[in-house]
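Breakdown of the fold
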Amino acid sequence: MPQRAIALFSGGLDSVLAVFWMQHLGFEVIPVFFAAAYIFPDKALKVAEENGLKLEVRDISEKHLEMLRHPKRGYGKNLNPCIDCHSLMIQEAALMLPELGADFIITGEVLGQRPMSQNLDSLKAVDKMSGAGDLVIRPLSQKLLPDTKPIREGWVNKDQMLDISGRGRSRQLQLAEQFGISHLQPAGGCLLTDHNYSLRLRDLMRHNQDSLQNVKLLRWGRHFRLTDEIKLIVGRDAADNAGIESENYPGLYLKIRDVEGPLGLLTVQEPSEEVLKLAASIVLFYSHKASSPAYIKYGVDKKFNQEIKVEKCPENILRSYLITS
Ligand code: SF4
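Let me begin by describing the structure that accompanies this report. (Residues numbered from 1 in each chain as written. Predicted model: local features only at pLDDT ≥ 70, side-chain atom pairs only at ≥ 80, totals over all residues. Heavy atoms only, no water.)

Re the overall build of the protein chain
Here is the rule we go by: A run of DSSP states H or I qualifies as a helix once it reaches four residues; a run of E qualifies as a strand once it reaches two. Both are numbered from the N-terminal end. Residue burial is assigned from relative accessible area. The probe radius is 1.4 Å, only protein chains are included, and a residue is buried under 20% of its type maximum, exposed over 50%, and partly exposed in between. Computed with a 1.4 Å probe, the accessible areas rest on the Shrake-Rupley method; for each residue, only the protein chains presented here act as cover. When charges are counted, neither His nor the chain ends are considered; positive counts come from Lys and Arg and negative counts from Asp and Glu. Where a charge sits is defined by one atom per residue type, namely NZ (Lys), CZ (Arg), CG (Asp) or CD (Glu).
Secondary structure assignment for the protein chain yields twelve helices and eleven strands. Residues classed as buried in the protein chain amount to 53% of the 325 residues present. If you sum the accessible surface of the protein chain, you get close to 15,400 Å²; carbon and sulfur atoms cover 48% of it. The positive charge centre, built from 40 side chains, and the negative charge centre, built from 40, are 3 Å apart in the protein chain.

Written as structure tokens, this is what we have:
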């Protein structure tokens with residue numbers, strides 16, 4: 001009798017509960033987190049560790065980005081294509097079944113919890129689109145849902161499934177206490193629900209620049225569109241500067257010569273004199289310590305072997321290039 005399942009694990013309480021519920025019924029459950037350039041596993045890893053679960057993380061950035069360009073069921077409030085995203089994750093989990101020796105998939109979805117993405121129609125859409133819906137069990141709501149293969153075949157006893165629905169959290173909290181689950185407050189690991197991030201991503205899409213390499217940069221710094229082809233990214237703090245550097249983007253890097261300050265990255269290596277001056281003046285604007293005019297060092301491969309003297313960019317001009325609402 002099949003006893004092993006893959007769990008889609010977000011790190012949210014419901015996903016932890018789904019795992020614990022199936023474990024307490026005797027199933028072996030392998031929690032999996034699907035990461036992408038804007039979906040990060042940090043929170044899920046922490047929650048898994050705190051609850052003694054070994055989390056498998058798989059990066060599906062390319063496939064996710066491909067789906068994100070044309071989601072069949074559209075976007076949510078921002079650029080979050082939640083229905084298509086769930087469907088892709090189920091599809092990916094289904095592909096992993098043979099590799100992990102598992103027979104079906106569980107998710108922590110609760111019927112009616114999210115009006116748009118977890119009503120019955122959406123769940124059915126997810127299942128249909130994924131092509132693997134017949135292998136999915138949603139332990140927290142399965143009593144209220146159509147039977148799938150694991151129920152029909154008797155691998156899972158429907159009577160042992162739960163009938164939680166709606167937006168209330170009391171039953172989940174009760175169960176969490178019963179299982180001794182420690183959980184974080186709901187907090188997104190997905191930047192697609194973030195308004196400003198979505199604006200930056202939309203800008204890339206509008207300019208046909210939504211390659212994975214460009215998308216990866218979006219999580220760091222302030223973003224300026226200088227021309228249809230060229231963007232400037234400026235770190236807001238040391239973490240941003242380190243993040244920008246870590247992406248190894250093949251552009252032109254800029255920093256202030258004589259004082260500590262932000263790292264700038266132009267997305268081309270040979271900008272015109274005019275664009276270079278503008279970029280340097282924006283980088284200089286973000287240093288309180290630097291005087292104006294001042295020297296900005298720049299170069300490719302982070303070599304900073306050239307320099308240019310500029311004034312700080314006036315704020316109103318800088319704002320006209322900033323990608324924001
Ligand atoms: S919030 Fe992000 S990760 Fe979660 S389903 Fe929506 S698009 Fe996917």
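After that view, the rundown keeps rolling.
Details of the site of the ligand
For the record, the criterion: To be near a molecule or strand, a residue needs just one of its heavy atoms within 4 Å of it. Residue type decides the class: Asp, Glu, Lys and Arg count as charged, Ala, Val, Leu, Ile, Met, Phe, Trp, Tyr, Cys and Pro as nonpolar, and the leftover types, Gly among them, as polar.
Contacts to the ligand come from Ile39, Pro81, Cys82, Cys85, His86, Cys190 and Thr193. Across the shell around the ligand, the residue classes break down as five nonpolar, two polar and no charged.

Overview of helix H11 (residues 273–285)
It helps to recall that an α-helix has 3.6 residues per turn; residues three or four apart then point in one direction. Let me state the cut-off plainly: Expected span, for any helix, means 1.5 Å times one less than how many residues it has.
Taking 1.5 Å of rise per residue, the 13 residues of H11 would be expected to cover 18 Å, and the 18 Å separating its terminal C-alpha atoms lies within 8% of that figure. Of the positions making up H11, those classed as buried are Val275, Leu276, Leu278, Ala279, Ala280, Ser281, Ile282, Val283 and Leu284.

Some details on the side chain of Thr148
Our working rule: We call two residues in contact whenever any of their non-hydrogen atoms come within 4.5 Å of each other.
With respect to the helices and strands, Thr148 occurs in the loop between strand S5 (136–137) and helix H6 (149–152). Filtering out sequence-adjacent residues up to four positions away, Thr148 remains in contact with Gly133, Asp134, Val136, Ile137 and Gln142.

Description of helix H10 (residues 238–246)
We apply this condition: In this description, one arc is meant: the one made by directions from the helix axis to the C-beta atoms.
The complete set of buried residues in H10 reads Asp240, Asn241, Gly243 and Ile244. All buried residues of H10 project into a common sector of 165 degrees when viewed along the axis, lining one side. On its buried side, H10 packs onto strand S7 (231–234), strand S8 (252–256) and strand S9 (264–266). Directly after H10, the chain includes Asn248, whose backbone phi takes a positive value near 50 degrees.

Re the environment of Arg138
Summarising the element assignment, Arg138 is placed in the loop between S5 and H6. Sequence spacing of Arg138 and Ala7 is 131 residues, and the spatial spacing of their C-alpha atoms is 9.7 Å. Excluding anything up to four places from it in sequence, Arg138 contacts Ile90, Thr107, Glu109, Leu123, Val126, Asp127 and Leu145.

Coordinates in, geometry out; function isn't part of it.
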